[in-house]
Amino acid sequence: QVQLVESGGGLVQTGGSLRLSCAASGRTFSSYAMGWFRQAPGKEREFVAVIRRSGGSTYYADSVKGRFTISRDNAKNTVYLQMNSLKPEDTAVYYCNAKPLGVADDYWGQGTQVTVSS
């Protein structure tokens, strides 16, 4: 099974920045498509960003496009989410997601809290 551990969340002011990290277990990290999702209290989990295995193809939700950047370092088994120009609407628990090649199920981390104050 794939194990994911997120870190880097915290409390920031509007306009601030954070970089989230997600460390993955296993020796086949390069075969995983990786993504970030977020969930605010009382709301459904929503897509934020995804990066392909090669790291050369990314896709973002409209709400974060131009502000967030997803990247990966396969040598470190880690995916990142650089978040700039943060807004209170970005407040949520952020979850790392892995989709291994040839596996039907997705894997999720425990989440890391991001809170943006007004």
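Fair warning: this is a prediction, and the values are worked out from it, not measured in the lab.

Sorry if this is basic, but what is going on with the state of the cysteines here?
A disulfide bridge is the covalent bond that connects two cysteines by way of their sulfur atoms. Applying the stated rule across the entire model yields 1 disulfide. For cysteine 22, the disulfide goes to cysteine 96, at an S-S distance of 2.0 Å. Taking the torsion about the S-S bond as the criterion, the cysteine 22 to cysteine 96 disulfide, at about -85°, is left-handed. Of the two residues, cysteine 22 sits in strand β3 (residues 18–24) while cysteine 96 sits in strand β9 (residues 92–100), which places them 74 residues apart along the sequence. Looking at cysteine 22, the relative accessible area reads 0%, which means it is buried. Cysteine 96 gets classed as buried once you look at its relative accessible area, which sits at 0%.

Is there a simple way to think about the pattern of salt bridges in this case?
Opposite charge on two side chains permits them to pair, given that their charged atoms come into close proximity. Counted by the stated rule, this structure contains 3 salt bridges. Notably, a salt bridge pairs arginine 38 with glutamate 46, separated by 2.8 Å at the nearest N-O pair. Since its relative accessible area comes to 5%, arginine 38 is described here as buried. Residue glutamate 46 is classed as partly exposed on the basis of its relative accessible area of 35%. Here arginine 38 makes a salt bridge to aspartate 90, at a shortest N to O gap of 2.9 Å. Taken together, the residues span a long stretch of sequence, with arginine 38 in strand β4 (residues 32–39) and aspartate 90 in the loop between β8 (78–83) and β9 at a distance of 52 residues. As far as burial versus exposure is concerned, arginine 38 and aspartate 90 are alike and both buried. One salt-bridge network, in which partners are shared between bridges, spans Arg38, Glu46, Arg67 and Asp90.

Criteria and cut-off values
Residues numbered from 1 in each chain as written. Predicted model: local features only at pLDDT ≥ 70, side-chain atom pairs only at ≥ 80, totals over all residues. Heavy atoms only, no water. Disulfide = S-S within 2.5 Å. Helix = DSSP H or I, 4+ residues; strand = E, 2+ residues; numbered from the N terminus. Buried < 20%, exposed > 50% of the residue type's maximum accessible area, 1.4 Å probe, protein only. Salt bridge = Lys/Arg side-chain N within 4 Å of Asp/Glu carboxyl O.

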